[in-house]
Amino acid sequence: MTLLLKNRGAMLILMFNLLLVFTGIGLVIPIMPKFMETLGITGGIVGLLVAAFSLTQLLFSPLAGRLSDKFGRKKMIVIGMIVFAVSEAMFGFASSSVLLFVSRLLGGIAAAMIMPAVMAYAADVTTKEERAKGMGFINAAITTGFIIGPGIGGYIAEFGIRAPFYAAGAAGLVAAFINLVSLRESRPVKEVGESSNAPSTIKAKGQGGFLSQLKHSYREPYFLSLIIVFVLSFGLANFETVFGLFVDHKFGYEPKDIAFIITFGSIAGAVVQVTIFSWILEKFGEKRVISICLLFAGLFIALTLFVHQFWMVFAVTFIIFLAIDILRPAISTQMSMVAKDQQGYVAGLNSAFTSLGNIAGPIIAGFLFDIDINYPYGLACIVLLLSFMLTLREKKRSLQGARSTS
């Protein structure tokens, strides 16, 4: 019996809790355009709200990764779920921009606590051979949450545009309770909080602020993966931040239309992650998969500017979500393979670089949207294609290095 099978219960709990949380996040997506109209919020403000979430996620992620290594994954997950629930409920109650920003800042802290701990937990209970499958399951839970979330949100919004936020808060509390009573700590008790036996190099990496960790990551073999994580997040933030606003302003889509596109446009990604994702990586390798997905994501985001019929918008979005849903776990798998016994630390850096992209992307996308609704997608296309070229260049360097050593 494999390690993954032995820890199937823990993996199912992680997946179920992420499913609840990301359903809570996803269900607010289709109603944001109407929420904006009610509060008189511009695209630039929406971008700043998304960036506020990512800013606290960035600042707290390295610390959260270290804390999950020191005190255990379970504590970070449970506390993070509770903070998430509070932030969503606060967003629903908010009637001023100040409370909206406070809510998003708290949400960023919650995300920083949850994601590195979950990724590190998955790495703890899987072998290297099972790592891709484990990461695929985790990302499938996230994707599934986004799949069913918008559809649920479109329905709940019939009871009021604030109702989805209250539902998201309730989902967070349910997730926290399930983690508290059902999830076991993935690290042996003697390892949690123990640092005296850790290698000095790992200690050094675990200390200092984000800037010092960023400087250290530059010399690590996973640095290119971190750059791709940043570029991917930047490009996707441009796409995701303004998608609802884009189709609302350009085509007059209602929340139920937006929910339909996002829901069914994400199904393929979830199916791939739980069925053939590990086979794809074994067949083609992480580097090739990452390059191809970046190429397709960039090209199809550009196509979004030229399609007008509903079924074409749906088809293009479907391909974008498919590429992204393969790309995210591929990068996570590549990084976890080289992380060794620094899973929490590297997962924290992964989350931090994601936040960097999610800070810059939404701000730029929001203000570009106020200038011209097509500009954010044009920029996202350029950034993703540049990242694709970067992966090709790195692949060429790797081949030259292999030849020189042979």
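Conventions adopted
- Residues numbered from 1 in each chain as written.
- Predicted model: local features only at pLDDT ≥ 70, side-chain atom pairs only at ≥ 80, totals over all residues.
- Heavy atoms only, no water.
- Core = buried A, V, L, I, M, F, W, Y, C linked by side-chain atoms within 4.5 Å.
- Buried < 20%, exposed > 50% of the residue type's maximum accessible area, 1.4 Å probe, protein only.
- Helix = DSSP H or I, 4+ residues; strand = E, 2+ residues; numbered from the N terminus.
- Contact = heavy atoms within 4.5 Å.
- Axes fitted to C-alpha atoms, helices over the stretch in contact; angles between N-to-C directions.
- Parallel < 35°, antiparallel > 145°, perpendicular 65-115°, else oblique.
- Nonpolar A, V, L, I, M, F, W, Y, C, P; charged D, E, K, R; others polar.
- 1 Å grid on protein atoms, 1.4 Å probe; cavity = no way out; pocket = protein on both sides within 12 Å on 5 of 7 lines; lining within 4 Å.
- Points joined across faces, edges and corners; volume = space filled by probe spheres on them.
- Salt bridge = Lys/Arg side-chain N within 4 Å of Asp/Glu carboxyl O.

Caption draft 1: Structural view of the nonpolar core. Judged by nonpolar contacts, the single largest core of 62 residues is most densely connected at F243, L327 and I331. A total of 12 residues in this core trace back to one element, the largest contributor, which is helix α11 (residues 223-251). Residue contacts for L327: discarding those within four places in its chain leaves L232, I290, C293 and L294. Of all hydrophobic cores here, the second largest spans 34 residues; its members include I13, F22, M113 and M119.

Caption draft 2: Local environment of the packing of helix α4 (residues 43-71) against helix α5 (residues 73-93). Two elements in contact, α4 and α5, have axes separated by 6 Å at closest approach and are oriented at 130°. Taken together, the axes of α4 and α5 are oblique relative to one another. Side by side, α4 and α5 meet where A64, L67, S68, D69 and F71 of the first sit next to R73, K75 and M76 of the second. In terms of residue class, the contact of α4 with α5 is made up of 4 nonpolar, 1 polar and 3 charged.

Caption draft 3: Looking closely at empty space enclosed by the protein. Taken as a whole and assessed by the stated rule, the structure comprises 3 cavities of 30 Å³ or more. The calculated volume of the second largest cavity comes to roughly 100 Å³. In terms of lining residues, the second largest cavity is bounded by 11 residues, among which M119, S332, S336, A347 and N350 are the most central. When contributions to the lining of the second largest cavity are tallied by element, the ones reaching two or more residues are α6 (97-124), α15 (310-339) and α16 (343-371). Among the elements that make up the lining of the second largest cavity, the one with the highest residue count is α16 (4 residues). Each residue belonging to the lining of the second largest cavity can be placed in one class, and the counts come to 7 nonpolar, 4 polar and no charged.

Caption draft 4: Main features of the pattern of salt bridges. Enumeration according to the criterion identifies 2 salt bridges in this entry. A salt bridge links D124 to R73, with the nearest nitrogen and oxygen atoms 2.7 Å apart. Here D124 is found in helix α6, whereas its partner R73 is found in helix α5, with 51 residues between them in sequence. On the basis of relative accessibility, which here comes to 27%, the residue D124 falls in the partly exposed class. Residue class for R73 comes out buried when judged on its relative accessible area of 2%. Ionic pairing is found between E88 and R104, a salt bridge with its closest N-O pair at 3.6 Å. Remark: R104 occurs in helix α6 and E88 occurs in helix α5; sequence separation between them is 16 residues.

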